[in-house]
Amino acid sequence: GKATKVSQYLISLDKEYEGTVELGKVTDTQDADGEMMETRPVPPLTEAEIKAAIQGFLGDQYQTPPMYSAIKIDGVPLYKSARKGEDIEREARFIRVMSWELTRLALPQFDFRMRVTKGTYVRTLAHDLGQKLGCGAHLAALRRTATDKFNVAQALTIEQIQAMTLPEIEKRLIAPRDAVPSIAL
């Protein structure tokens, strides 16, 4: 209904993710769905070394979007050009990495939690971190856990919703005016 009109405001909010980076393997898409381009040995990195490398990615910066993205150049999504083997020049975009925490280390992988602005390609951060560490990397798994004040911990499963009565469901619904930032109203 009319509430779908507020989605444009929600997508522009900060995001929080949890995921896994796999070191030593570089893919063409910078994630686990891509084709393996290169494998390199992973040095016996310590948690402190990885955390120190991550620190260099915190804050304001410009990021060049990956070729495998939906960004359109001259009306053509980049991923279509990438599939043809083309490499199109892309303009770097402003992003901010507010936090990036290593939550578990089990080489060659590590888990993380991060908070970033809209438009940040987490898989590109994983790729760039692998380059910085000298062994390459790709994003092995990713899950968005929050968009601004909306956290996955507040979510209900389909089964939970199906077990609820209509009045119970209505109590859980968020009014559009309460969902969007006050500047959007």
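Everything numeric in this text was worked out from a predicted model, so none of it was measured.

1. Side note on the nonpolar core
Line of reasoning, step 1. Counting residues in each nonpolar core, the largest one holds 24 residues, and the members touching the most others are L23, W100 and F110.
Line of reasoning, step 2. Elements with a minimum of two residues in this core: β1 (15-23), α2 (47-55), β7 (93-106), β8 (109-116), α4 (122-133) and β9 (137-147).
Line of reasoning, step 3. By residue number, the principal contributor to this core is α4, which donates five residues.
Line of reasoning, step 4. Every residue in contact with F110, bar those within four places of it in the chain, is listed here: G19, T20, V21, L23, I50, I54, L102, R104, L105 and L129.

2. Some points on the packing of α2 against α4
Line of reasoning, step 1. In contact at an axis separation of 10 Å, α2 and α4 are set at 120° when each is read in the N-to-C sense. Judged by the angle between their axes, α2 and α4 are oblique. Two packed elements cross with a definite hand, and for α2 against α4 that hand is right-handed. Every residue of α4 that contacts α2 at E49, I50, A53 and I54 is listed here: L129, K132 and L133.
Line of reasoning, step 2. Residue classes in the contact of α2 with α4 are distributed as five nonpolar, no polar and two charged.

3. Observations regarding the sheet that holds β9
Line of reasoning, step 1. Strands sit in the order β4-β7-β8-β1-β9-β10 across an open sheet of six strands; the sheet is antiparallel. Taken across any chain shown, the strands that pair with only one partner, and hence form the sheet edges, are β4 (59-63) and β10 (150-151).
Line of reasoning, step 2. Across two bridges, the pairing between β9 and β10 is antiparallel. In the strand pairing of β10, A146 is matched with N151.
Line of reasoning, step 3. Lying over the sheet, α2 contacts β1, β7 and β8, oriented at roughly 175° with respect to β7.
Line of reasoning, step 4. The strands touched by α4 are β1, β4, β7, β8 and β9; relative to β9, the strand with the most contacts, the crossing angle is about 140°.

Definitions and cut-offs
Residues numbered from 1 in each chain as written. Predicted model: local features only at pLDDT ≥ 70, side-chain atom pairs only at ≥ 80, totals over all residues. Heavy atoms only, no water. Core = buried A, V, L, I, M, F, W, Y, C linked by side-chain atoms within 4.5 Å. Buried < 20%, exposed > 50% of the residue type's maximum accessible area, 1.4 Å probe, protein only. Helix = DSSP H or I, 4+ residues; strand = E, 2+ residues; numbered from the N terminus. Contact = heavy atoms within 4.5 Å. Axes fitted to C-alpha atoms, helices over the stretch in contact; angles between N-to-C directions. Parallel < 35°, antiparallel > 145°, perpendicular 65-115°, else oblique. Left-handed = near helix turned anticlockwise from the far one by under 90°. Nonpolar A, V, L, I, M, F, W, Y, C, P; charged D, E, K, R; others polar. Pairing = 2+ DSSP bridges.

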